[in-house]
Amino acid sequence: MDLDLFLQFLTNGVVMGVFYALSALGLTLIFGLMRVVNFAHGEFYMLGGVTGWFVTSYLGLDFFSGLALVAVAMAAFGWLVDRFLIERVRGQGEEPGILLTIGLSIFLVNATLLVVGPAPMKVAGAVAEGPLFFGPIAVTKLRLIAVGVGIALIAGAHLIIRKTRLGAAMRATFQDPMAASLAGIRTGNVYAATFALGCTLAALSGMLLGSIYSAQASVGGLISLKSFVVVILGGMGSFAGAIAGGLLLGIAEAFWGGYVATGMVDVVGFVLVILILLFRPQGLFSIRAERA
Amino acid sequence: MKRLVLGSLLLAGVAAPLSAQAQDTIKIGMVEPLTGSVAYNGKSVVEGAKLAVEEMNAAGGILGKKIELVIEDGQCTPANSVNAVEKLVQKDKVAALVGAFCSSATAAIMPVAQKYKIPLVTGVSSQASLTEQGNPYFFRAAETDALMAKAFAKILANDLKLTKVAYIGVNDDWGRGGVEEFSRDLSALGAKSVLTEYFDHGTTDFFTLLTKLRAAKPDGVFVAAETQDGSILVKQIREMGLDAKVFGVGSWATADFINLTGSAAEGIHAAVPYASSMDAPRNQTFVKSYEAKYRIKPGKYGAAGYNALNITAQAIARAGNTDAEAIRAALYKTQYEAPNGVYRFTEKGQAYGFDAVLVRIEGGQPKVIASTPVDAPH
């Protein structure tokens, strides 16, 4: 019985961990490659959920076609945000970027509240809801699919950055923008593509998780907070770190909630952050290791 | 002579808009959460309130003036709600206040209302201690958890044949209050309490909590949660493959809750002060006009906003002016015929006399299975 409980907590923790990693990925990517601390990250996640609701409920698309459409739309949106907003503060240090994205997040929340209102929205899932048992462990098909899609997205983003010409251009631009542009890389486009990729990842996790929970206009703040916890745990800008940080947070929360109290579960992340900052301020995985 | 009358009429017509700058409306201030995890419920309160104002203004307003509703976002937090009240009193010079949804936020604005001597009516905040603070400007046109527990514990225990009950509540004064009151009354009736857990506002994943719930093997689960948290929680109870009977308090008897929760909502019980399916003639009129305006049936909070505004405005009308003491005196003499019964106030400002219902969700509709008037607490 106790083993059953333990296994269920572990499963819950791993599922949540993958969700956390996925929702933090866009944040760490944009920070790692562009040095922009994106405070509008949670709002991109929220927009993914809301547009996910729009394409599945209003346009009547099935989940995966909807996901593809949301990816395209949010990539275009991210591209435009970079070309019209982020570009104006590029190269001026981190503070203008922070102020810009904070402003953007406030604008996005209120614009969404104005258009669709504060009601929670239901994103139609890929499959029917209902329990699925593996021995004593209960999960749902929807969660398994979300974990699968999440892992695929994480792997896909990794491959884009590691194996494609675009990825090489991104890394080159990040290491030395001047040299990259001398070598013929259009750094403006590379920055925009990076921001679009980060924005798309956030939006896709928003739609994916919106199909399990619900999408809502003011969810962004909490998502940003958790994503920052994950990213600080793993190391700002580190890809592997985001995955490790996500899993660590998910599993720690599951066990704390399971064996101590669920009412204070949000404390866990912040205690972890304080411990990491005290003993290993560069995060579990330092960025240097990732860059090499 | 005729020309003179016509002339003075014309003059009056020209003069009226000029002289009527500040005093042509009676302002009522409203503080509700319009952002955050209960924003959706706060919006329902505002919708109900706007409908009430519209109806009264269509009937000529009060004291010969139109009512103007000034709405501020209190975000359900004490600090923001206090700021909102300061603004409503200082800048808008409202005659009365309605708000502030969450009990903690209401508790924070009560002393502010008292400081400025402005009557404050809440249609929502249900924590029992609010009316025990001796604040003469505070009136609660809502049920308390204790009153709900007292009204329905017996019916629930008998109808659902509860022997082992688990309690889950949102981690705030309302959730904790609901859990405490119901566990006390149900335990007294012989239903054993096997688990008590709280979760934070805006929580989306309850699998860990539900794993503990499954291990406790309850036959009934009491839940105190609002639309967003509650719908996800109830859905996940079924996703975990649990078939315990679910009952609770919160805005569950609404179309949105049922839509969000889907088939998992079937068969759950909710103790609510209002359901659109209550069969009083006044309620049918209310539901019809609410549905015509918002294309959705009113829920607990739509009705709460509607009632709170009507009670406040009618008190101002009876007071004959916007003097705070006169309004306060008039509020004590309230005998408001609501869609759900008749509201009166005790000398502590607690409403009683209105009906509360126990509903079961059947075929996507809240079906009233028991109805009882809420007695005055003693």
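Residues numbered from 1 in each chain as written. Chains lettered and ligands numbered in written order. Predicted model: local features only at pLDDT ≥ 70, side-chain atom pairs only at ≥ 80, totals over all residues. Heavy atoms only, no water.

**Some thoughts on the overall build of chain A**
Helix and strand counts for chain A stand at 12 helices and 2 strands. Ordered by position in the sequence, the α and β elements of chain A form the string α-α-α-α-β-β-α-α-α-α-α-α-α-α. The globule rule puts the C-alpha radius of gyration for 292 residues at 19 Å, and the 19 Å found for chain A is close to it. Taken over the C-alpha atoms alone, chain A extends approximately 65 × 50 × 35 Å along its principal axes. With 292 residues in all, chain A has 53% of them scored as buried. For chain A, the proportion of contacts with a sequence separation of at least 24, taken over those separated by at least 6, is 76%. Only carbon and sulfur atoms are counted for the fraction: they give 71% of the accessible area of chain A, which is about 12,300 Å². When the 16 basic and 13 acidic side-chain charges of chain A are each reduced to a single mean position, those positions are 10 Å apart. (Helix = DSSP H or I, 4+ residues; strand = E, 2+ residues; numbered from the N terminus. Rg over C-alpha atoms; globule rule 2.2 N^0.38 Å. Buried < 20%, exposed > 50% of the residue type's maximum accessible area, 1.4 Å probe, protein only. Contact = heavy atoms within 4.5 Å. Areas by Shrake-Rupley, 256 points an atom, 1.4 Å probe, with all protein chains shown as cover. Lys, Arg positive; Asp, Glu negative; His and termini not counted. Charge placed at Lys NZ, Arg CZ, Asp CG, Glu CD.)

**Focus on empty space enclosed by the protein**
If you walk through the whole model with that rule in mind, you get 5 cavities of 30 Å³ or more. As for the largest cavity, its lining consists of 38 residues, and the residues nearest its centre are Met16, Tyr20 and Lys226 of chain A together with Thr204 and Asp205 of chain B. When residues of the lining of the largest cavity are traced back to their parent elements, those giving at least two are helix H1 (2-34), helix H2 (41-58), helix H8 (187-212), helix H9 (220-234), helix H10 (239-259) and helix H11 (265-279) of chain A together with helix H7 (207-216) of chain B. Take the lining of the largest cavity: its biggest share by element is 6 residues, from H1 of chain A. Taken together, the residues that form the lining of the largest cavity break down as 16 nonpolar, 17 polar and 5 charged. (1 Å grid on protein atoms, 1.4 Å probe; cavity = no way out; pocket = protein on both sides within 12 Å on 5 of 7 lines; lining within 4 Å. Points joined across faces, edges and corners; volume = space filled by probe spheres on them. Nonpolar A, V, L, I, M, F, W, Y, C, P; charged D, E, K, R; others polar.)

**A look at the nonpolar core**
Counting residues in hydrophobic clusters, the biggest one holds 207 residues, and the most contacted among them are Phe19 and Phe44 of chain A together with Leu97, Phe222 and Leu309 of chain B. Top element by residues in this core is H1 of chain A. It accounts for 15 residues. Counting contributing residues, this core receives three or more from each of domain 1 (23-143 + 280-354) and domain 2 (146-272) of chain B. Sequence-distant contacts of Phe19 of chain A, that is, excluding residues within four places in its chain, are made with Arg143, Ala146, Val147, Leu209, Ile212 and Tyr213 of chain A. (Core = buried A, V, L, I, M, F, W, Y, C linked by side-chain atoms within 4.5 Å. Domains from an automatic or database assignment.)

**Comments concerning the interface of chain A and chain B**
With 36 residues of chain A in contact, the opposing surface of chain B contributes 32 residues. Summed over both partners, the interface of chain A with chain B comes to about 2,800 Å²; 57% of that surface belongs to carbon and sulfur atoms. A salt bridge links Arg143 of chain A to Asp205 of chain B, with the nearest nitrogen and oxygen atoms 2.9 Å apart. Of all the secondary-structure elements, those providing two or more residues to the side of chain A that touches chain B are H1, strand E1 (131-134), strand E2 (137-140), H10 and H11 of chain A. In terms of residue count, the dominant contributor to the side of chain A that touches chain B is H1 of chain A (5 residues). Tallied by class, the residues present in the side of chain A that touches chain B amount to 21 nonpolar, 11 polar and 4 charged. (Buried area = accessible area lost by both parts, 1.4 Å probe. Salt bridge = Lys/Arg side-chain N within 4 Å of Asp/Glu carboxyl O.)

**Remarks on the domain arrangement of chain B**
Note: interface size is frequently given as the accessible area lost on complex formation between the parts. All names here are of chain B. Segmenting chain B into domains produces domain 1 (23-143 + 280-354) and domain 2 (146-272). Distance between the C-alpha centres of domain 1 and domain 2: 28 Å. Between domain 1 and domain 2, the residue contacts involve 14 residues of the former and 15 residues of the latter. A buried area of about 1,300 Å², summed over both sides, lies between domain 1 and domain 2, and 59% of it is on carbon and sulfur atoms. Seen at the junction of domain 1 and domain 2, the total is 0 salt bridges. In this assembly, domain 1 and domain 2 are joined by 6 residue pairs in polar contact (both at pLDDT 80 or more). Those elements that place two or more of their residues in the side of domain 1 that touches domain 2 are helix H2 (39-58), helix H4 (103-116) and helix H11 (300-319). For the side of domain 1 that touches domain 2, a count of residues per class yields 4 nonpolar, 8 polar and 2 charged. (Polar contact = N/O pair within 3.5 Å; in protein donor to acceptor, adjacent residues only side chain to side chain.)

**Remarks on unusual backbone geometry**
Put simply, Gly99 of chain B and Ala100 of chain B share a cis peptide bond, and its omega is -5 degrees. The backbone of Arg35 of chain A sits at a positive phi, close to 60 degrees, despite the residue not being glycine. In this fold, Arg35 of chain A is placed in the loop between H1 and H2. Located in the positive-phi region is Arg295 of chain B, a residue other than glycine, with phi close to 55 degrees.

**Quick notes on H4 of chain B**
Residue and element names in this part refer to chain B. Between the first and last C-alpha of H4 there are 20 Å, a value that for 14 residues agrees with the 20 Å anticipated at 1.5 Å per step. On its buried face, H4 sits against helix H3 (78-90), strand E3 (96-99), strand E4 (120-122), strand E5 (138-140) and helix H6 (173-188). Where H4 ends, the next residue or the one after it, Lys117, has phi of about 55 degrees, a positive value. (Expected span 1.5 Å × (residues − 1).)

**Regarding the layout of surface pockets**
For the largest pocket, the calculated volume is near 710 Å³. What lines the largest pocket is a set of 32 residues, among which Ala119 of chain A together with Tyr40, Lys43, Asp256 and Ile296 of chain B lie closest to the centre. When residues in the lining of the largest pocket are grouped by element, the largest group, 5 residues, is from H2 of chain B. For the lining of the largest pocket, a count of residues per class yields 16 nonpolar, 9 polar and 7 charged.

**Some details on the environment of Gly250 of chain A**
All names here are of chain A. Tracing the chain through its elements places Gly250 in helix H10. Judged by its relative accessible area of 2%, Gly250 is buried. On a C-alpha basis, the gap between Gly250 and Gly13 in space is 4.6 Å, while along the polypeptide they are 237 residues apart. Residues contacting Gly250, with those up to four places away along its chain left out, are Gly13, Met16, Gly17 and Tyr20.

**Some remarks on the sheet that holds E3 of chain B**
Residues and elements named next belong to chain B. Read from one edge of the open sheet, 5 strands run E2-E1-E3-E4-E5, paired in parallel fashion. Pairing within the sheet leaves two strands with one partner each, and these edge strands are strand E2 (66-73) and E5. Taking each pair of neighbouring strands and ignoring which way they run, the sheet shows an average axis angle of 25 degrees. In the sheet, strand E1 (residues 25-32) pairs with E3 via 4 bridges, with the strands oriented parallel. Paired with Met30 across the strands is Val98, a residue of E3. Where H3 meets the sheet, it contacts E1, E2 and E3, and its direction lies at approximately 150 degrees from that of E2. (Pairing = 2+ DSSP bridges. Axes fitted to C-alpha atoms, helices over the stretch in contact; angles between N-to-C directions.)

**Considering the pattern of salt bridges**
Going through the model one piece at a time under the given rule, you end up with 19 salt bridges over all chains. Note that Lys87 of chain B and Glu72 of chain B form a salt bridge whose closest N and O atoms lie 2.7 Å from each other. With a gap of 15 residues between them, Lys87 of chain B in helix H3 and Glu72 of chain B in strand E2 connect regions that are remote in the sequence. Judged by its relative accessible area of 27%, Lys87 of chain B is partly exposed. Notably, a salt bridge pairs Glu362 of chain B with Lys367 of chain B, separated by 3.8 Å at the nearest N-O pair. A residue is classified by how much of its surface remains accessible, and Glu362 of chain B, at 33% relative accessible area, is partly exposed. For Lys367 of chain B, a relative accessible area of 42% puts it in the partly exposed group. Overlapping salt bridges bring together Asp82, Arg83, Glu87 and Arg90 of chain A as one network.

**Examining the environment of Ala264 of chain B**
Residue and element names in this part refer to chain B. Within the secondary structure, Ala264 is located in the loop between helix H9 (255-261) and strand E10 (269-272). Between the alpha carbons of Ala264 and Ile361 there is a distance of 9.9 Å; along the sequence they are 97 residues apart. The residues touching Ala264, leaving out its near neighbours within four places in the chain, are Val234, Lys235 and Arg238.

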